[in-house]
Amino acid sequence: MNNRVLIYVAAMLAVALIVGLSIILPKELLYRQENNILGKIVSIEENPTSSTREQRTDEETDSIEELHRKISLLTGGYVEEGMPREELNENIMTMRQAVLSGERQLARLVALGALPDEVLDYANYNLIAYPVVRQNFQNRLTYSFWTIHYIPSHARGDLRGEFSLIVDGKNGKIYSVQWPSSKEEQRINTMAMGKAFAEYLNIEVSSETVERDDRYCVLFSADGRFVIVVELWEFYGSISIESLYDPIVPIGGAHR
Amino acid sequence: MKFSAKVFMCTIIIIAVSFSIGAYLLISGNFNSALEREIRRGLEEYQLLRFAYESGVLSRELQGDLLTEQMLKDVARQVASDVGSIQEMVRIYGDSLEGIYSTLDFQQRDLSLIQSLPQGSRKYIIEKIDDRVYMTVAGHIDLDIASVFLCSSRDISEVFGERDRQIDSFVFLGSLIMGISSIIMLIISILLTRPIKKLKATSIEIASGHFSRRVFIGSGDEIGELAASFNKMADSIEEKVIELEKVARQKEEFMASFSHEIKTPLTSIIGYADMLRSKELSGDITFKAASHIFKEGKRLEALSSKIMELLLLERQAFKMEKMSTKALMEEIEEIINPLLYESSIGLKVSVDKQFILVEPDLIKTLLINLIDNARKASNPGQAIEIMGQRLGQNKYLFSIKDYGKGIPEDELDKITQAFYMVDKSRARIQQGAGLGLALSSRIAEIHGTNLSFQSQIGKGTKVTLEFKLADKARVDMDE
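None of the values given here were measured: they were computed from a predicted structure.

Novice: Explain the overall build of chain A here, please?
Specialist: A tally of regular secondary structure across chain A gives 5 helices and 10 strands. Counting over 256 residues, chain A shows a buried share of 48%. Counting contacts in chain A only where the partners sit at least 6 residues apart, residues at least 24 apart contribute 57% of the total. On chain A, roughly 12,800 Å² of surface is accessible, and the fraction owed to carbon and sulfur atoms is 52%.

Written out as structure tokens, the structure is:
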């Protein structure tokens, strides 16, 4: 075998080796990726300390300005819903606090006449609560709420609709309520309910109404920025405050 | 190594490496993306479980139940059945890491995960258990009165399975593509290098002496252009070779003629010298022998001087000068007239006065040679005509015409060759060596012209040659 043939054979073997490696090497590298993944414990912080995310601390929770700001931000078109739920701030109420606060606020709303007495019964149902976090990308502020659903107990034979609240994650105020209704409840005066809800929220309402009948009432805030909507239908009733900046995305309507 | 083999190997290597890197990045990217999606989903599902469990415990508490291990267990069972999908495997551990509820026996693994779990944080781990891959998330839940650890596992084997299927596809497709590519590239490299092989074969044939061989490549690419250039080069080589062969043949003929021309007078000289040396001769015969030796000696002298002139013409550079045609002809007439008179041949000269650019000595030699040749061809009583006239704007035409024997047409192109004689016996009688026209032709070449012959047997020969007029020629030279 002369040198030329040897060079040929060596070159062909080298090419075969490279071709073989080009198939085997990626395969091995891909399998080896597992080593960096399997068995490795990864920690996730529940409460990020980033100052840019959670700045809502010392606002005057009962002031109407604050309420306006929160609601307008929530519905003003700059809000993104669906932040990862793990990014809840430690200043936000716990589920227990939110649920207990919600029950207290419910009692207050009933006392003011904004809700029928029967809603207090539903609070004994099994509940499931989850937080909703929204961030305004314009001012980098984050707003959180608890949505609490009371689920009718099948064992109690009560198959009527769902009872739910939206509670502010900071101060526990109720912004929206939806409850199962009965025909008897339809005698309730929706206008009176709306005015009572406005009083609860410290909002002055205009004397004009958009629309009103026995089942439906819409009240404007005096500054024209909000509407309070009261609905009472065959199977459910609801009361909520909505921003006029973006009536398509009302607070309560989103959960109706 | 052959060029086709190099092309083939390089291409295969490039294809293999490119395919390999591309496939790796694609599969790796897909896998990482799918894994990330599954991790995100696992974390979200864990949160759902967490809120469901926390809500369940709170609900039971609000309904008056005491927070006991049994209650925690019941809620966990309820949540696992209500919220947990078939993929979810829920485990609850108490503060002291005691198992409260578990659908799977993952306790040991869970404990290692939750042992170092700080309050308010979560951890996850991806593990391979019995050929299945699980993502386990563990977190701490504060229930105010008590706290528990919640662990949930999610089977994410499909992500790894999908990756494995992609790797299998890559190996299969890679092998198939490399096989097919190898065959295709082998054919392509052979086809691409075939013209080069043809060029090589043709060059070998040309190198072995087949100068007329050419290569034909129809493509218009660089190789086609190379082939065209190669053919041009071959044409040039063939031309040069033919020329060289012609020159070699001429030299050979020259040497043969030269030897022959020398041998003839030498034989005669040696014969007569030997006769004078070996015998007692009468005074008359002795004179004849001595005369022969003298004549042949003179012929040899003339021959050698002509050859010297030819050699000098080949080597020397000449300076052209402005010269009057009238003056030139007067000088020539003075030289040639005694010879013509001796041969009883007349001379008619009709030359327009112009200035031509010539080398004076060479032009005289040239014209004298031509007139002398005309003299040799003519019979006594005949005349030679010399004409000189302007031709167009910048040329001057000389013609020398005789009415002698003429030259056969098929010999006209040979008469300027050295030692070529149309009538050898007559030439020798006239002491010709067959070098006069060769010398004249060379001088004409030096002047940028050539001899043009018109001849008819029995009617005579006319030689014409053109010169540049001095003024115009000078302008051209200056340019």
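Novice: So what exactly am I meant to see when it comes to the overall build of chain B here?
Specialist: When helices and strands are counted, chain B shows 11 helices and 12 strands. Looking at chain B residue by residue over its 479 residues, the buried ones come to 41%. In chain B, once contacts between residues fewer than 6 apart in sequence are set aside, the share between residues at least 24 apart is 65%. Roughly 26,400 Å² of accessible area belongs to chain B as shown, and the carbon and sulfur atoms make up 55% of that amount.

Novice: Before we go on, may I ask you to explain the packing of helix H3 (residues 95-112) of chain A against helix H5 (residues 190-200) of chain A in this structure?
Specialist: Residue and element names in this part refer to chain A. Contact geometry for H3 and H5: axes closest at 9 Å, N-to-C directions at 130°. Judged on the interaxial angle alone, H5 and H3 are oblique. Judged by the twist between their axes, the crossing of H3 over H5 is right-handed. Contacts from Gln-105, Arg-108, Leu-109 and Leu-112 of H3 reach H5 at Ala-196, Phe-197, Glu-199 and Tyr-200. In the contact of H3 with H5, the residues fall into 5 nonpolar, 1 polar and 2 charged.

Novice: Teacher, can you tell me more about the side chain of Ser-399 of chain B here?
Specialist: Mapped onto the fold, Ser-399 of chain B is located in strand S10 (residues 395-401). If near-sequence neighbours (up to four positions away) are discounted, Ser-399 of chain B is found in contact with Glu-385, Ile-386, Met-387, Lys-462, Val-463 and Thr-464 of chain B.

Novice: Before we go on, may I ask you to explain unusual backbone geometry in this structure?
Specialist: The general pattern is negative phi for most residues beyond glycine and trans for most peptide bonds. A positive phi angle, near 50°, is found at Asp-130 of chain B, a position not held by glycine. The residue Asp-130 of chain B is located in the loop between strand S3 (121-129) and strand S4 (132-142) in this model.

Novice: Looking at this model, I keep getting lost on H5 of chain A. Mind explaining?
Specialist: Every α-helix winds through 3.6 residues per turn, so residues three or four apart in the chain are directed the same way. All names here are of chain A. Burial runs high along H5: 8 of the 11 residues are buried. Listed as buried for H5 are Thr-190, Met-191, Met-193, Gly-194, Ala-196, Phe-197, Ala-198 and Tyr-200. The positive-phi residue at the C-terminal boundary of H5 is Asn-202, with phi of around 60°.

Novice: Explain the confidence of the model for chain B here, please?
Specialist: Where the model shows low pLDDT, its predicted coordinates should not be examined in detail. All names here are of chain B. Overall, the predicted model of chain B reaches an average pLDDT of 85, with 93% of residues at or above 70. Confidence scores differ between elements of chain B, with helix H11 (residues 470-478) showing the lowest mean pLDDT of 55 and S10 the highest of 93. Scoring the predicted complex yields pTM 0.61 and, for the interface, ipTM 0.72.

Novice: Sorry, what's going on with the interface of chain A and chain B here?
Specialist: The accessible area lost on association of the parts is a frequent measure of interface size. Contacts between the two partners involve 44 residues from chain A, matched on the other side by 53 residues from chain B. Seen at the junction of chain A and chain B, the total is 3 salt bridges. The closest approach of N and O atoms between Glu-61 of chain B and Arg-96 of chain A, which form a salt bridge, is 2.2 Å. Summed over the shared surface of chain A and chain B, the result is 14 residue pairs in polar contact (both at pLDDT 80 or more). When residues of the side of chain A that touches chain B are traced back to their parent elements, those giving at least two are helix H1 (3-37), strand S1 (42-45), H3 and strand S3 (126-136) of chain A.

Novice: Help me out: how do you make sense of the sheet that holds strand S9 (residues 383-391) of chain B in this one?
Specialist: Sheets are built from strands that pair by backbone hydrogen bonding, the pairs being arranged parallel or antiparallel. All names here are of chain B. Spatially, the 5 strands line up as an open sheet ordered S7-S9-S10-S12-S11, and their pairing is mixed. Each of the sheet's edge strands pairs with one partner strand only, and the pair in question is strand S7 (346-351) and strand S11 (452-456). Between one strand axis and the next, the sheet turns by 15° as a mean value, whatever way the strands run. As paired strands, S11 and strand S12 (residues 460-468) are joined by 5 bridges and run antiparallel to one another. Paired with Gln-456 across the bridge in S12 is Gly-460.

Novice: What is the right way to read the side chain of Arg-91 of chain B from this model?
Specialist: All names here are of chain B. Looking at the element boundaries, Arg-91 is found in strand S1 (residues 88-93). Arg-91 gets classed as buried once you look at its relative accessible area, which sits at 0%. Reaching out from Arg-91, the side chain makes a polar contact with the side chain of Asp-110 at a distance of 2.6 Å. Side chain to side chain, Arg-91 and Ser-153 meet in a polar contact 2.8 Å long.

Novice: Any chance you could explain a nonpolar patch on the surface here in plain terms?
Specialist: Side chains of Phe-172, Leu-173, Leu-176, Ile-177, Ile-180, Ile-184, Ile-188 and Leu-192 of chain B sit close together on the surface and give an oily, nonpolar patch of about 700 Å² of accessible area. Within the secondary structure, Phe-172 of chain B sits in helix H4 (residues 157-207).

Novice: When you look at a positive patch on the surface in this model, what are you seeing that I'm missing?
Specialist: On the surface, Arg-4 of chain A together with Lys-2, Arg-194, Lys-197, Lys-198 and Lys-200 of chain B cluster together to form a positively charged patch. Here the element with the most residues in the positive patch is H4 of chain B; it accounts for 4 residues. Here Lys-198 of chain B lies in helix H4. Looking at Lys-198 of chain B, the relative accessible area reads 39%, which means it is partly exposed.

Novice: It is not clear to me how the environment of Thr-68 of chain B should be interpreted in this structure. Could you clarify?
Specialist: Residue and element names in this part refer to chain B. Along the chain, the position of Thr-68 falls in the loop between helix H1 (3-62) and helix H2 (69-82). The class of Thr-68 is partly exposed, set by a relative accessible area of 35%. In sequence terms Thr-68 and Ala-146 are 78 residues apart; their C-alpha atoms lie 9.5 Å from each other. A distance of 3.1 Å separates a polar side-chain atom of Thr-68 from the backbone nitrogen of Met-71.

Novice: I tried to follow the packing of aromatic side chains on my own but got confused; where do I start?
Specialist: By convention here, two paired aromatic rings are described through the distance between centres and the angle between planes. A full pass over the atoms with the stated rule returns 8 aromatic pairs over all chains. Ring centres of Phe-197 of chain A and Tyr-200 of chain A lie 6.0 Å apart, and the angle between their planes is 15°; this geometry places the pair in the stacked category. Of this pair, Phe-197 of chain A and Tyr-200 of chain A both sit in helix H5, 3 residues apart, which is roughly one turn of the helix. By relative accessible area, which is 0% here, Phe-197 of chain A ends up buried. Following the ring pairs from residue to residue traces out a cluster consisting of Tyr-396, Phe-398 and Phe-467 of chain B.

Novice: What is the right way to read the packing of helix H7 (residues 325-342) of chain B against helix H8 (residues 360-377) of chain B from this model?
Specialist: Between two packed helices, both the angle of their axes relative to each other and the distance between the axes serve to describe the pair. All names here are of chain B. Running from N to C, H7 and H8 point in directions that differ by 35°, and their axes come no closer than 10 Å. Considering only the axes of H7 and H8, their crossing is right-handed. From H7, Leu-328, Met-329, Glu-331, Ile-332, Ile-335, Ile-336, Leu-339 and Leu-340 reach across to H8, where they touch Ile-363, Lys-364, Leu-367, Ile-368, Ile-371, Asp-372 and Arg-375.

Novice: In this structure, what is going on with the confidence of the model for chain A? I would like to understand it.
Specialist: All names here are of chain A. Counting all residues, the mean pLDDT for chain A is 72, and 64% of those residues have values of 70 or more. Taken element by element, chain A is modelled with least confidence in strand S2 (residues 79-81), mean pLDDT 38, and with most confidence in H3, mean pLDDT 91. Across residues 47-89, confidence stays below pLDDT 50; counting only partners more than four residues off in sequence or on other chains, it has 101 contacts. Here residues 155-159 is modelled with pLDDT under 50, and outside its nearest four sequence neighbours on either side it reaches 6 contacts, counting other chains as well.

Conventions we followed
Residues numbered from 1 in each chain as written. Chains lettered and ligands numbered in written order. Predicted model: local features only at pLDDT ≥ 70, side-chain atom pairs only at ≥ 80, totals over all residues. Heavy atoms only, no water. Helix = DSSP H or I, 4+ residues; strand = E, 2+ residues; numbered from the N terminus. Buried < 20%, exposed > 50% of the residue type's maximum accessible area, 1.4 Å probe, protein only. Contact = heavy atoms within 4.5 Å. Areas by Shrake-Rupley, 256 points an atom, 1.4 Å probe, with all protein chains shown as cover. Axes fitted to C-alpha atoms, helices over the stretch in contact; angles between N-to-C directions. Parallel < 35°, antiparallel > 145°, perpendicular 65-115°, else oblique. Left-handed = near helix turned anticlockwise from the far one by under 90°. Nonpolar A, V, L, I, M, F, W, Y, C, P; charged D, E, K, R; others polar. pLDDT = per-residue confidence, 0-100. Salt bridge = Lys/Arg side-chain N within 4 Å of Asp/Glu carboxyl O. Polar contact = N/O pair within 3.5 Å; in protein donor to acceptor, adjacent residues only side chain to side chain. Pairing = 2+ DSSP bridges. Patch = residues over 30% accessible without salt bridge, like charges linked within 9 Å, V, L, I, M, F, W, Y side chains within 5 Å. Lys, Arg positive; Asp, Glu negative; His and termini not counted. Charge placed at Lys NZ, Arg CZ, Asp CG, Glu CD. Phe/Tyr/Trp six-rings, centres within 6.5 Å; stacked < 30°, edge-to-face > 60°.

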